[in-house]
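Working through the structure, step by step
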Amino acid sequence: MAKTRTRGLRATYSRVVPGASGRVLVVDDNKVIRQLIKVNLELEGFEVVTASDGAECLDVVHRVSPDAITLDVVMPRLDGFGAAARLRADPRTRHVPVAIVSACTQHEVETAIAAGVDAFVAKPFEPTELVRVVRRLVECKGAPAGRAGRAGRGA
């Protein structure tokens, strides 16, 4: 009989990066996209935490205290709009900048704005554009005005 291994819950975050530019929570149900975003942000000095859907995002957000969050729209259990709305409704996460990274229609952009999203990056995205938007959100989080202004495409 062969040995079987039961997979326990895996840590959803990457290693701690001393001197990181900020911590970003990347939420996407597509593992390849999640990894692509993670690698591009880590190459630019960000510490990256990942979640596979909106429900997992809400589970880990308080443990990791991100400086910014990227959300896909179409995900199982809880989509990006629902996650953004819940993040905005929670006083502990109300001021964390949120960017939608998705192939959004104009209707989806309007829905996201209503949910409190700060920026948009259209898929397929250029890595430099993604990094620029995330960097702006992280920098704006520390600004005295509180939440970041609208940044990125579609804003």
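The structure reproduced in this document is the subject of the present report. Source: prediction; values computed, not measured.

Some words on helix α2 (residues 54-64)
Those residues of α2 that sit buried are Gly54, Ala55, Glu56, Cys57, Val60, Val61 and Val64. The inward-facing, buried residues of α2 abut β1 (23-27), β2 (47-51), β3 (68-71) and α3 (80-89). Taking the backbone nitrogen of alanine 55 as reference, a side-chain oxygen 3.1 Å away marks aspartate 53 as the first, capping residue of α2. Directly beyond the C-terminal end of α2, a positive phi value near 45° is found at serine 65.

Concerning the pairing of β2
Where burial is concerned, most of β2 is hidden: five out of the five residues are buried. Of the two faces of β2, the one holding Glu47, Val49 and Ala51 and the one holding Val48 and Thr50 are both buried throughout. By the bridge criterion, five bridges tie β1 to β2 in an arrangement that is parallel. Among the inter-strand pairings, valine 27 is bridged to a residue of β2, identified as alanine 51.

Focus: the pattern of salt bridges
Counting across every chain of the model gives eight salt bridges. Ionic pairing is found between arginine 23 and glutamate 47, a salt bridge with its closest N-O pair at 3.3 Å. Of this pair, arginine 23 sits in strand β1 while glutamate 47 sits in strand β2; the two residues are 24 residues apart in sequence, bridging distant segments of the chain. When the shortest N-O distance is used, the salt bridge between aspartate 118 and arginine 88 registers 2.7 Å. Note that aspartate 118 is positioned in the loop between α4 (106-115) and β5 (119-122) and arginine 88 in helix α3, a separation of 30 residues in sequence. In this structure arginine 88 comes out as buried when scored by relative accessible area, which is 12%. Residues joined by salt bridges that share partners form a network here, namely Asp28, Asp72 and Lys123.

Remarks on the nonpolar core
Among the nonpolar cores identified, the biggest contains 26 residues, and Leu25, Val27, Cys57, Ile69, Leu71, Ile100 and Val117 are the most heavily contacted of them. For this core, the secondary structure elements donating two or more residues are β1, β2, α2, β3, α3, β4 (98-102) and α4. Leaving out residues up to four positions away in the same chain, cysteine 57 has contacts with Leu25, Val27, Ala51, Ile69, Leu71 and Leu87.

Here's the deal with α4
The complete set of buried residues in α4 reads Glu108, Val109, Ala112 and Ala115. In an axial view of α4, the angular spread of the buried residues amounts to 120°, which keeps them on one side of the axis. Residues of α4 that are exposed and angled more than 90 degrees away from the buried face: Gln106, His107 and Ala114. Residues of α4 that are buried make contact with α3, β4 and β5. Positive phi shows up at glycine 116, right after α4, with a value of about 100°.

Criteria and thresholds
Residues numbered from 1 in each chain as written. Predicted model: local features only at pLDDT ≥ 70, side-chain atom pairs only at ≥ 80, totals over all residues. Heavy atoms only, no water. Buried < 20%, exposed > 50% of the residue type's maximum accessible area, 1.4 Å probe, protein only. Helix = DSSP H or I, 4+ residues; strand = E, 2+ residues; numbered from the N terminus. Contact = heavy atoms within 4.5 Å. Polar contact = N/O pair within 3.5 Å; in protein donor to acceptor, adjacent residues only side chain to side chain. Pairing = 2+ DSSP bridges. Salt bridge = Lys/Arg side-chain N within 4 Å of Asp/Glu carboxyl O. Core = buried A, V, L, I, M, F, W, Y, C linked by side-chain atoms within 4.5 Å. Arc of directions from axis to C-beta.

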